[in-house]
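# Geometric and topological summary
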Amino acid sequence: MGKYINPFTDWGFKRLFGQEFSKDLLISFLNDLLVGELQVKNVVFKDKEELPSTKDQRGIIYDVYCETDKGERFILEMQNRWQPNFLDRSICYACRSVLEQVDKGKKERENAYRFLPIYTVCFMNYMPDHEELSKFRTDIVLADKESGEIASNKLRFIYLVLPLFKKNVDECVTDFDKWIYVLKHMEALSRMPFTAQKEIFKQLEEYADSHRLTRKEWEAYENSLWIARDNMACMAAAENAAKEKGMAEGRAEGRAEGMAEGMAKGMAEGKTKAIIETAKRLLNMGLDMEQVAQGTGLSIEEVRKLL
């Protein structure tokens with residue numbers, strides 16, 4: 001077992017980003033993630049759902065209420081999942097958060113559909129389907145297609161595909177780069193980098209240190225680790241099965257194409273044989289070579305060979 005916990009297990013993810021005692025980590029991460037856009041000063045965890053107990057369930061932190069230094073508020077959903085059709089699912093979850101806020105029974109029309117913005121941050125510690133995401137960070141907003149101007153701030157999606165983050169420790173210049181490097185490599189690290197450059201990483205090192213876990217915490221983490229590994233194994237098996245299916249379909253298609261090619265070749269040979277027999281009959285009837293060639297489509301030389 002490594003010195004630091006795996007932050008992408010359900011238990012590890014919630015320990016670092018979903019607990020009251022570690023909320024400074026979340027605030028720091030959000031400010032580095034959204035640098036230049038807003039400054040989060042406080043977060044409140046509204047939903048204390050239980051961690052999943054079976055491998056077919058996935059962990060998620062719902063309803064993290066955030067307040068900025070300007071008094072603005074928004075709801076954060078941090079998702080850490082291994083699922084197909086991930087983009088579609090994340091949109092569904094965000095829409096659910098919108099519907100939970102909207103009180104359709106309000107009489108005041110101007111207030112009936114007001115809701116706080118939903119920021120969805122998705123950690124993807126695996127390669128998504130090729131048709132979904134092809135770069136490390138993808139930011140999606142509601143914007144005008146032609147001008148690119150943001151039409152509404154109510155929905156925001158940020159997808160972070162960890163395998164596509166290729167920077168080494170010396171190439172991590174921004175604080176956000178440092179966060180991603182540490183999270184991606186945490187389970188394999190023997191010491192926490194950047195602690196001299198970024199104070200919050202000392203706190204991160206403390207909470208992520210597997211040797212500081214109580215027996216109960218260790219058991220919960222170990223169970224979550226096995227679930228995560230099972231999920232990844234299932235994903236790998238499904239991917240291999242899909243590849244095998246594709247190869248089998250390709251082989252079958254090749255065989256079908258071979259059969260079709262053989263049939264076409266046979267038909268062509270049969271047609272050629274019929275034309276030759278017709279040419280012979282015409283020659284026996286006394287037609288000259290030019291007449292036979294014109295009637296059958298053969299060349300003069302091909303007819304001459306039949307004589």
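First things first, this report covers the structure right here in the doc. (Residues numbered from 1 in each chain as written. Predicted model: local features only at pLDDT ≥ 70, side-chain atom pairs only at ≥ 80, totals over all residues. Heavy atoms only, no water.)

### Digging into the packing of helix 2 (residues 23-33) against helix 5 (residues 200-208)
- Where helix 2 meets helix 5, the closest approach of the two axes is 10 Å, and the angle between their N-to-C directions is 135°. One element, helix 2, and the other, helix 5, form an angle in the oblique class. Between helix 2 and helix 5 lies a crossing whose hand is left-handed. Residues Asp24, Leu25 and Ser28 of helix 2 pack against Ile200, Gln203, Leu204 and Tyr207 of helix 5.
- Of the residues assigned to the contact of helix 2 with helix 5, the class counts are 4 nonpolar, 2 polar and 1 charged. (Axes fitted to C-alpha atoms, helices over the stretch in contact; angles between N-to-C directions. Helix = DSSP H or I, 4+ residues; strand = E, 2+ residues; numbered from the N terminus. Parallel < 35°, antiparallel > 145°, perpendicular 65-115°, else oblique. Left-handed = near helix turned anticlockwise from the far one by under 90°. Contact = heavy atoms within 4.5 Å. Nonpolar A, V, L, I, M, F, W, Y, C, P; charged D, E, K, R; others polar.)

### A look at the packing of aromatic side chains
- Taken as a whole and assessed by the stated rule, the structure comprises 19 aromatic pairs.
- A centroid spacing of 6.2 Å and a plane angle of 5° characterise the contact between Phe157 and Tyr159, whose relative ring orientation is stacked. Here Phe157 and Tyr159 have matching classes, each one buried.
- Three or more aromatic residues joined by ring pairs make a cluster, and in this case those are Phe8, Phe13, Phe17, Phe29, Phe123, Phe136, Phe165, Phe176, Trp179, Tyr181, Phe194 and Phe201.
- In this structure, Lys154 packs its charged tip against the face of Phe115, placed 5.1 Å from the ring centre. (Phe/Tyr/Trp six-rings, centres within 6.5 Å; stacked < 30°, edge-to-face > 60°. Buried < 20%, exposed > 50% of the residue type's maximum accessible area, 1.4 Å probe, protein only. Lys NZ or Arg CZ within 6 Å of the ring centre and 35° of its normal.)

### Things to note about helix 2
- The element helix 2 is extensively covered by neighbouring structure, given that 10 of its 11 residues are classed as buried.
- Those residues of helix 2 that fall on the buried side of the exposure criterion are Lys23, Leu25, Leu26, Ile27, Ser28, Phe29, Leu30, Asn31, Asp32 and Leu33.

### Overview of helix 4 (residues 175-185)
- Burial of helix 4 is extensive: 8 of the 11 residues sit out of reach of the surface.
- Taken together, the buried positions of helix 4 are occupied by Phe176, Asp177, Lys178, Trp179, Ile180, Tyr181, Val182 and Leu183.
- Summarising the contacts, the buried residues of helix 4 are in contact with helix 1 (10-17), helix 2, strand 4 (118-124), strand 5 (137-143), strand 6 (150-161) and helix 5.

### A closer look at the pattern of salt bridges
- Applying the stated criterion to the full structure yields 15 salt bridges.
- Note that Arg215 is salt-bridged to Glu219, the shortest N-O span being 3.5 Å. Taken together, the positions of Arg215 and Glu219, both in helix 6 (residues 215-284) and 4 residues apart, correspond to about one turn of that helix.
- Owing to a relative accessible area of 45%, Glu219 belongs among the partly exposed residues under this scheme.
- Note that Arg304 is salt-bridged to Glu301, the shortest N-O span being 2.8 Å. Here Arg304 and its partner Glu301 are both found in helix 8 (residues 300-306), 3 residues apart, which amounts to about one turn of the helix.
- Beyond isolated ion pairs, a larger network of salt bridges with shared partners links Asp32, Asp175, Lys178 and Lys198. (Salt bridge = Lys/Arg side-chain N within 4 Å of Asp/Glu carboxyl O.)

The quantities given are spatial measurements derived from coordinates; they are silent on function.
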